Amino acid sequence: MAGDEQPNPWQYAHMGLELAGAVVVLGLLGLWLDYVMGTGPWLLVVGVMIGAVGGMYLFIKAAIGMQAGDRRRRGGREKERGGERGGTDGKDERDEP
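Residues numbered from 1 in each chain as written. Predicted model: local features only at pLDDT ≥ 70, side-chain atom pairs only at ≥ 80, totals over all residues. Heavy atoms only, no water.

Peer 1: Explanation requested: the overall build of the protein chain in the structure shown.
Peer 2: If you tally the helices and strands in the protein chain, you get two helices and zero strands. The burial tally for the protein chain puts 11% of its 97 residues in the buried class. Considering only contacts in the protein chain between residues 6 or more positions apart, those separated by 24 or more positions represent 51%. Here the protein chain displays about 7900 Å² of accessible surface, and carbon together with sulfur accounts for 64% of that area. (Helix = DSSP H or I, 4+ residues; strand = E, 2+ residues; numbered from the N terminus. Buried < 20%, exposed > 50% of the residue type's maximum accessible area, 1.4 Å probe, protein only. Contact = heavy atoms within 4.5 Å. Areas by Shrake-Rupley, 256 points an atom, 1.4 Å probe, with all protein chains shown as cover.)

Put into structure tokens, the structure is as follows:
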């Protein structure tokens with residue numbers, strides 16, 4: 001349909017880069033702390049794990065926000081067409097005797 005809005009592909013790219021960025025940045029921080037403290041790979045592992053959990057949190061939060069925005073856009077168009085029931089007068093079939 002001509003009025004349907006397609007999702008912006010940059011939103012998806014942003015979500016993926018945000019996830020990867022959190023893992024990489026916290027992994028590098030863990031690697032640097034391992035170098036400074038001499039703790040072996042343990043802080044690197046912890047940094048990557050925290051980055052993965054934080055990145056997934058941000059990914060899911062963005063996905064839910066995109067879904068809610070899509071529902072709001074579709075809800076506005078459904079009201080213009082008469083709602084989900086398909087009628088244009090706003091009455092339900094059960095309302096009539």
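The discussion continues.
Peer 1: Where do I start with the side chain of Asp34 in this structure?
Peer 2: Inspection of the secondary structure assignment puts Asp34 in helix α1 (residues 9–37). Polar contacts involving the side chain of Asp34 include one to the side chain of Thr39, which spans 2.4 Å. At 2.9 Å, the side chain of Asp34 forms a polar contact with the backbone nitrogen of Leu44. With near-sequence residues (within four places) excluded, Asp34 lies in contact with Thr39, Gly40, Pro41, Trp42, Leu43 and Leu44. (Polar contact = N/O pair within 3.5 Å; in protein donor to acceptor, adjacent residues only side chain to side chain.)

Peer 1: What is the right way to read a nonpolar patch on the surface from this model?
Peer 2: The grouping of Leu29, Trp32, Tyr35, Val36 and Met37 at the surface amounts to a nonpolar patch, some 620 Å² of accessible area in total. Relative to the elements of secondary structure, Met37 occurs in helix α1. (Patch = residues over 30% accessible without salt bridge, like charges linked within 9 Å, V, L, I, M, F, W, Y side chains within 5 Å. Salt bridge = Lys/Arg side-chain N within 4 Å of Asp/Glu carboxyl O.)

Peer 1: Can you walk me through the environment of Leu43 in this structure?
Peer 2: Within the secondary structure layout, Leu43 lies in helix α2 (residues 42–81). A C-alpha to C-alpha distance of 9.6 Å links Leu43 and Leu26, two positions 17 residues apart in sequence. With sequence-adjacent residues up to four places away left out, Leu43 is seen in contact with Gly30, Leu33, Asp34 and Met37.

Peer 1: Any chance you could explain the environment of Met56 here in plain terms?
Peer 2: Position of Met56 among the secondary structure elements: in helix α2. Judged by its relative accessible area of 38%, Met56 falls in the partly exposed class. Placed 37 residues apart in sequence, Met56 and Leu19 show a C-alpha to C-alpha distance of 6.3 Å.

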